[in-house]
Amino acid sequence: VNMNRLPGWDKQSYGYHGDDGHSFCSSGTGQPYGPTFTTGDVIGCCVNLIDNSCFYTKNGINLGLAFTDLPQKITGKEIIRPSTKNKSNLYPTVGLQTPGEVVEANFGQTPFVFDIEDYMKEWHMKTKLTIERFPVSDKKGEWQTALQQIVSTYLVHHGYCGTAEAFSRSTGQSIEEDMSSIKHRQRIQKLVLAGRMGEAIETTQQLYPGLLERNLNLLFMLKCRQFIEMVNGTDTEVRGPAIRSPKSRHGSGSNRSSPNMSPVHHTNSNSQKNTPIGSRGNSPNRPIGVKGHSSGSSSQTSQNLQVSQTNNQSVGDLKTISEEHMNHANIAMNGSGCHMIQDDDVEMMDGLVTETKTFTNGNSEGTYMNGNNHTCKSEEMDVDTPSGKRQLCGGSQAAIEKMLLFGRDLQSMSQRLKREYGKSESNNKSLQNAFSLLAYSDPWNSPVGYQLDPVQREPVCAALNSAILESQGLPKQPPLELVIAQSTECMKLMSKAKIGSCAFANLNDYLH
Amino acid sequence: MDVDGRMGMVDSILSENKDKWLESMIQVKNRVIGNNKQKDEIIHQGVIPRLLQWIIDEDIPVELRTESAIVLGSLAKGTTENINCLVDSGCVAVLLKGLSSNNIKFIEACLRCLRTIFLSENSPLEQIYQDHTVIPHLINILSKSFCTQECITTIFSNCCKTADHQNALSRNGAIAALAPLLCSSSYKVQMPTLKCFAVLCYENETVSKAAATATYNGESIPNLLLRLLSRDKPSEMQMAAAKCLTYLCRGGAIPTHCPTIQNKTLSTLIRMCKKDRTLEENVEGAETLAYLIEEDANLQTLASISDHIIKTLADYLRYTSVQQINTRSTNRKVVNWSNELKQAAFRAFASLGANDEEIRKKIIETENLMEHIVNGMNCSDLKVQMGAVRCLHSLSRSVQQLRTTFQDHTVWKPLMNLMNNGSKELLPVASSTLCNLLLEFSPGRERPASESPRLSVSQKNKACLEAGAINILAKLTSRSEGDLRLNGIWGLMNMAFQADLSVKIQIVDVIGTEQLFRLLSDPDPAVLIKTLGLIRNLLAGRTDIDHLMKIYGSQIMQAVVFILEGDHVVEIKEQTLCILTNVADGDEAKEFIMGNEDVLKKLMTYMLHTNVKLQIAATSCISNLVWNEQEGAYNRQAKLRDLGIQKLLQQLLSANDAVLFDKVKTALQQFT
């Protein structure tokens, strides 16, 4: 484009001229378009990248469509051949002819005179409708069935067996996996989420013999977690045998209960492994991406969310959750009794307390302890007497020794793995991080303390669940998560290809 | 079997066997749902009175009363005859009574039936105003449930047709009760609520102002409406909210320069006119736009450059597909969309071009606009006729258009036809238009020679026009409506301006001197002024003056004296003195003044009047009388000198007013 000529006159340029109010579409002759404009007028130009059109505004008034069929920024072909120069992007240009003319450009640094927000709202709505009203031919009810399958497989995957059973009964879906298998997975998941890694590994080995032996990296991951839980004082090895099996604890209600944590969704469809830190934002219920929580409030967030989750779940679930809360309560109590009194003042509510160690606030603790102690009484009795501050492995010397021993085993396992499979960056890092906890007198308040957060159990849990499913010849990821991941990926691709509508659609609108 | 079964349940309803009632009612209910034939039969079997009897009887179990109301509601969803049957049997009064119950289910059933009845045409809407307790009660139970909200707002929006209705509702706190419903989560509640606000405020300044200042949750109603105008709201909701804001603005409650109106409401209405909206919204959008900008030049200018509105409206005129079923389920009737769109476009054009010549020019550029207007005036649809005339009226304010486009199309023909044969509602705007057209068609206007071919066309038009127009206008002057009399006399005045003597005589002949003088005592001073203007235009040109004075001289002089002696504003007196000046310009006509000492004395009085305009007018008249180039000037000068007028003039030489001074000097110079 010749920069010495007014915009609109030359090929690939477009303009609206103030002297005659005409619009120029790559041509020396204009079309009658709008009013003339002069000193003091505010002229706006809006390029719509969805329908490739453009309109101008004068002093906030939409003057109407000026151009359609504007060149698209980049066509599909160009992704392959990005060297094509001709199909250029559009650049905002102002042409001036008289010396001494002054213009002021506003790219949004101050509010626009034209109500662009309102205009965008309409396009958000239009895009939404386009998606929602997308025609699907559903002659044989296949679409319906597919949707039901997506729901059903999701429920099965995460072990919501009661709900899954009810759902498949009312929709006539069949469940591929048998109920007992689902329950097994559920049991294991519960153990992991409760932080009782030793038991979880043991149960997995019992129920799925050979699985962990074949997946040594997974086993290593589980063991690293076990080590962390030992430091935390939650693992069975260090807490003593009082609670051997989770099943015994919630007796009759257990067959309808489900894992109490919401599963992690992996946004990256390419990911072969469940990378704990890479996964964020797509979980329907909670923000997962809590990285290295430096303040107690982040862990509290997750806990509060958990409480709200209970509303949607069955009575059986409620018990499970209260159990989970008990665990948190235990952590707090194990660590520091004196803090509890502070917690009763509900300081957490104000967000003033920054100490990591206070996992629960006084309210929830009180509620669950008093309200549900018929299920948890025995556990309560097991709790170590709270000492002055939170201590390693719950402060028990024997436990510390066990932990150190376990650490040595872990170290040798790591070396064995290295010998057999070569160096693994992620395994190294996990081990290093886990061991680093011991370097601090107060691991909970250390830079690596985030590992002790119960939220960190979730990726481990998901990885184990996926591995079990894979070993049974089932998909390691439920189709729903696959769909979400694909959609996310698709949106990214659209954005890369500069397809306008992707800016007006948001996957999160559909994930509540 | 089927027939027996139905007979059985009707029989048991009409019987005294209480145990069977409820069961039979439920059978009846299931029978009539969605089946007009069954509804007819049940009505003919005389069930309605029985149901009404139960509804009103408080000793009947409430379940049965509720079922009765539900069945009535179902019957009301049938044909118009079904509704008429219900109304004729006194259903409305009974259901309104039923509303005082404590049972919400029963109340809702009654309300649903009432809503359906009031949604119909010719509903007995006065009934809710007759009993003064009804409206307060409705407002009282308004917020009870989604159902009561939806039904009562729908009832109000369909029952508010006059200023009395508006005031009655407003007095009873309707505005405060309705405001929260604007924020309702239910579309079904929001929409009738918006409609309520629109009908409440339409052309009612008091209610509009009350609505504009009312608040809910600290937010004013205009602000709440503004939220519903947002572009991600359903289109119908944006339209309805824009309508409310328009009515508030025209009701004087929101200034036109306020951003709410100037940016938000205006742009919403313009959006509603676009092709991507429904025809219904197109029509409503253009009509509302026409109303919003009708009287505000600034809004007209803004609208005219917004989103190619003139082009968009021009497309309306080309819409040809005639019939299409209305999309609103509530009144399924066949609508002639072509006509609806045309009239809406005409009205919007009329408003757009009301003040600005540039905008008018842009409108005229619309392809075949004049043909469309002429066809519109010839159309059988009153709304289209009205729209076309309004549009023509607006465009006729342009002198340029009068000289060009209007000449090329014989627009006056259909216009006069409408005035002769059309509806009365058309007369005010049609006669105003005619007044404007007559300005150009007046003869004697000088034209450049190059335009002579057009001139001959125009003269042919002129003859036809004058033939009919004088009759029409003269008739208008004897109408009881002030605005029509004014337009009539105004038209005649325009017509008489610089007209041929024959035209002038025709005018006087047709209107008749009696009628002319009756108009001089018209209660409307504007009519009086235009009448005097007509006389003045008639008495122009020396030979014409003499000729007309010869015929009507005594009456005219009588009228002049009559006005001069009357108690009138300065403008009227000035106009009258100007008539005398014209009379004094004639040759023989001068005698009518010279021979009337009473008039001469009056002139002397006005020469000394405190108002300088009257002094000037009187002096001009004297100046004409003593004009020394005319025959008999010497005698007249002598006479006026004897009366002391020359001295009076000399006194006036000390006047401060320059115009008066010049006039006086000219008059004195005439004396020899």
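Looking up chain B in an unreviewed UniProt entry gives the name Armadillo repeat-containing protein 8, with the organism given as Magallana gigas.

Going by an unreviewed UniProt entry, chain A carries the name Ran-binding protein 9 and comes from Magallana gigas. According to UniProt, the comment filed for chain A under the heading Sequence similarities (unreviewed entry) is "Belongs to the RANBP9/10 family."

1. Remarks on the overall build of chain B
Within chain B, the secondary structure is distributed over 42 helices and four strands. Against the compact-globule benchmark of 26 Å for 672 residues, chain B has a radius of gyration of 34 Å, which places it well outside the compact range. Referenced to the eigenvectors of the C-alpha coordinate spread, the extents of chain B come out at roughly 120 × 50 × 50 Å. Burial statistics for chain B: of 672 residues in total, 56% are counted as buried. If you take every contact in chain B between residues at least 6 apart in sequence, the share linking residues at least 24 apart comes to 68%. Positive and negative charge centroids in chain B, built from 71 and 74 side chains respectively, lie 3 Å apart.

2. Here we look at the overall build of chain A
When you go through chain A residue by residue, the secondary structure sums to 20 helices and six strands. A separation threshold of at least 6 residues defines the contact pool for chain A, and within that pool the share at least 24 residues apart is 60%. Counting only carbon and sulfur atoms, one obtains 53% of the accessible surface of chain A, whose full area is about 26600 Å².

3. Description of the confidence of the model for chain B
If pLDDT is low for a region, its predicted coordinates should not be looked at in detail. All names here are of chain B. With 92% of its residues at a pLDDT of 70 or more, chain B shows a mean pLDDT of 87. Element-level pLDDT for chain B is lowest in strand β3 (residues 323-325), with a mean of 54, against a maximum mean of 97 in helix α17 (residues 235-250). Taken together, the stretch residues 327-331 has pLDDT below 50 and engages in five contacts with residues farther than four places along the chain or on a different chain. Segment residues 442-457 is flagged for pLDDT under 50; beyond a separation of four residues in sequence, or across chains, it makes 22 contacts in the model. With pTM at 0.74, the complex prediction returns an ipTM value of 0.80.

4. With respect to the interface of chain B and chain A
Contacts between the two partners involve 15 residues from chain B, matched on the other side by 17 residues from chain A. Taking both partners together, chain B and chain A bury about 1300 Å²; carbon and sulfur atoms supply 46% of that area. Our enumeration of links across chain B and chain A arrives at five salt bridges. Where Glu122 of chain A meets Arg231 of chain B, a salt bridge forms, and the shortest distance between an N and an O atom there is 2.5 Å. Between chain B and chain A we count eight residue pairs in polar contact (both at pLDDT 80 or more) in total. Of all the secondary structure elements, the ones that give two or more residues to the side of chain B that touches chain A are α18 (259-272) and α20 (297-305) of chain B. Within the side of chain B that touches chain A, the residues separate by chemical class into three nonpolar, three polar and nine charged.

5. Things to note about the pattern of salt bridges
Inspection of the entire model under this criterion finds 37 salt bridges over all chains. Glu122 of chain A is paired through a salt bridge with Arg271 of chain B; the nearest N and O atoms lie 4.0 Å apart. Pair noted here: Glu122 of chain A is in helix α2 (residues 116-132) and Arg271 of chain B is in helix α18, and the two residues belong to different chains. Judged by its relative accessible area of 5%, Glu122 of chain A is buried. The class of Arg271 of chain B is buried, set by a relative accessible area of 8%. For Asp307 of chain B, the salt bridge goes to Lys274 of chain B, with nearest N and O atoms at 3.2 Å. Of the two residues, Asp307 of chain B sits in the loop between α20 and α21 (309-317) while Lys274 of chain B sits in the loop between α18 and α19 (279-293), which places them 33 residues apart along the sequence. Here Asp307 of chain B falls in the buried class, since its relative accessible area comes to 11%. Each of Glu122 and Lys126 of chain A together with Arg231, Arg271, Asp276 and Arg277 of chain B takes part in a single network of salt bridges with overlapping partners.

6. Section: a nonpolar patch on the surface
A cluster of nonpolar side chains, Phe134, Val136, Trp143 and Leu147 of chain A, forms an exposed patch at the surface whose accessible area comes to about 410 Å². Looking at Val136 of chain A, the relative accessible area reads 39%, which means it is partly exposed.

7. A word on α20 of chain B
Residue and element names in this part refer to chain B. For α20, every residue scored as buried is listed here: Leu299, Gln300, Leu302, Ala303, Ser304 and Ile305. Structurally, the start of α20 carries an N-cap: the backbone nitrogen of Asn298 is 3.1 Å from a side-chain oxygen of Asp296. Remark: Asp307 follows α20 within two positions and exhibits a positive phi of approximately 45°.

8. Observations regarding unusual backbone geometry
Residue and element names in this part refer to chain A. Here Gln12, not a glycine, exhibits a phi torsion of approximately 65°, which is positive. When you line up the elements, Gln12 lands in the segment before β1 (14-16). On the accessibility criterion, Gln12 (35% relative accessible area) is partly exposed. Its identity as a non-glycine residue notwithstanding, Asn59 has a phi of 50°, on the positive side. With respect to the secondary-structure elements, Asn59 resides in the loop between β5 (53-58) and β6 (61-67). Classification of Asn59 by relative accessible area gives partly exposed; the value is 34%.

9. Description of the sheet that holds strand β2 (residues 22-25) of chain A
All names here are of chain A. Strand order in the open sheet made by the three strands is β1-β2-β3, with antiparallel pairing throughout. Of all strands in the sheet, those bounded by a partner on one side alone are β1 and β3 (31-32). When β2 meets β3, the two strands line up antiparallel, connected through two bridges. Bridge assignment links His22 to a residue of β3, and that residue is Pro32.

10. Considerations on the packing of helix α10 (residues 134-141) of chain B against helix α11 (residues 146-159) of chain B
Two quantities define a packed helix pair, namely the angle between the helix axes and the distance between the axes. Residues and elements named next belong to chain B. Where α10 meets α11, the axes come as close as 9 Å, and the angle between the chain directions of the two elements is 145°. Note that α10 runs across α11; the crossing there is left-handed. Together, Leu138, Ile139 and Ile141 of α10 and Thr148, Ile152 and Phe156 of α11 make up the contact between the two elements. Of the residues in the contact of α10 with α11, the class split is five nonpolar, one polar and no charged.

11. Remarks on the sheet that holds β5 of chain A
All names here are of chain A. Taken in spatial order, the three strands of this open sheet run β4-β5-β6, and their pairing is antiparallel. The open sheet has two edge strands with one neighbour each: β4 (43-48) and β6. For this sheet the average axis-to-axis angle between neighbouring strands, irrespective of direction, equals 25°. Inspection of the sheet shows β5 paired to β6 by four bridges, in the antiparallel sense. In the strand pairing of β6, Cys54 is matched with Phe67.

12. Considerations on the environment of Lys183 of chain A
Considering the arrangement of structural elements, one finds Lys183 of chain A in helix α5 (residues 179-194). The spatial distance from the C-alpha of Lys183 of chain A to the C-alpha of Val113 of chain A is 61 Å, given a sequence separation of 70 residues.

13. Structural notes on helix α36 (residues 570-583) of chain B
In an α-helix there are 3.6 residues to a turn, and that puts residues three or four apart on one side. All names here are of chain B. Compared with the 20 Å implied by 1.5 Å per residue over 14 residues, the 20 Å span of α36 between its first and last C-alpha is a close match. The buried count for α36 comes to eleven of 14 residues, which makes it a mostly enclosed element. Residues of α36 that are buried include every one of Ile572, Lys573, Gln575, Thr576, Leu577, Cys578, Ile579, Leu580, Thr581, Asn582 and Val583, and no others. The inward-facing, buried residues of α36 contact α34 (525-538), α35 (542-565), α37 (590-594), α38 (597-607) and α39 (612-625).

14. Digging into the packing of α36 of chain B against α38 of chain B
Residues and elements named next belong to chain B. Interhelical geometry of α36 versus α38 gives an angle of 130° and a closest axis separation of 12 Å. The angle between α36 and α38 falls in the class oblique. Of the two possible hands of crossing, α36 and α38 adopt the one that is left-handed. In this structure, α36 uses Lys573, Leu577 and Leu580 to contact α38, whose residues at the interface are Val599, Leu603 and Tyr606.

15. Some thoughts on the environment of Tyr634 of chain B
Relative to the helices and strands, Tyr634 of chain B is located in helix α40 (residues 633-642). With 122 residues separating them in the primary sequence, Tyr634 of chain B and Gly512 of chain B have C-alpha atoms 37 Å apart.

16. Some remarks on the side chain of Arg485 of chain B
Residues and elements named next belong to chain B. Looking at the element boundaries, Arg485 is found in helix α31 (residues 482-496). A relative accessible area of 11% places Arg485 in the buried class. Those residues in contact with Arg485 that lie beyond four places of it in its chain are Leu476, Thr477, Arg479, Ser480, Leu519, Asp522, Pro523 and Val527.

17. Comments concerning the environment of Ser27 of chain A
All names here are of chain A. With respect to the element layout, Ser27 can be found in the loop between β2 and β3. For the pair Ser27 and Ala434, spaced 407 residues apart in sequence, the C-alpha separation works out to 68 Å. Not counting chain neighbours up to four residues away, the residues in contact with Ser27 comprise Gly8 and Trp9.

Rules used throughout
Residues numbered from 1 in each chain as written. Chains lettered and ligands numbered in written order. Predicted model: local features only at pLDDT ≥ 70, side-chain atom pairs only at ≥ 80, totals over all residues. Heavy atoms only, no water. UniProt positions renumbered as here; feature names shortened; annotations may be inferred. Helix = DSSP H or I, 4+ residues; strand = E, 2+ residues; numbered from the N terminus. Rg over C-alpha atoms; globule rule 2.2 N^0.38 Å. Buried < 20%, exposed > 50% of the residue type's maximum accessible area, 1.4 Å probe, protein only. Contact = heavy atoms within 4.5 Å. Lys, Arg positive; Asp, Glu negative; His and termini not counted. Charge placed at Lys NZ, Arg CZ, Asp CG, Glu CD. Areas by Shrake-Rupley, 256 points an atom, 1.4 Å probe, with all protein chains shown as cover. pLDDT = per-residue confidence, 0-100. Buried area = accessible area lost by both parts, 1.4 Å probe. Salt bridge = Lys/Arg side-chain N within 4 Å of Asp/Glu carboxyl O. Polar contact = N/O pair within 3.5 Å; in protein donor to acceptor, adjacent residues only side chain to side chain. Nonpolar A, V, L, I, M, F, W, Y, C, P; charged D, E, K, R; others polar. Patch = residues over 30% accessible without salt bridge, like charges linked within 9 Å, V, L, I, M, F, W, Y side chains within 5 Å. Pairing = 2+ DSSP bridges. Axes fitted to C-alpha atoms, helices over the stretch in contact; angles between N-to-C directions. Left-handed = near helix turned anticlockwise from the far one by under 90°. Expected span 1.5 Å × (residues − 1). Parallel < 35°, antiparallel > 145°, perpendicular 65-115°, else oblique.

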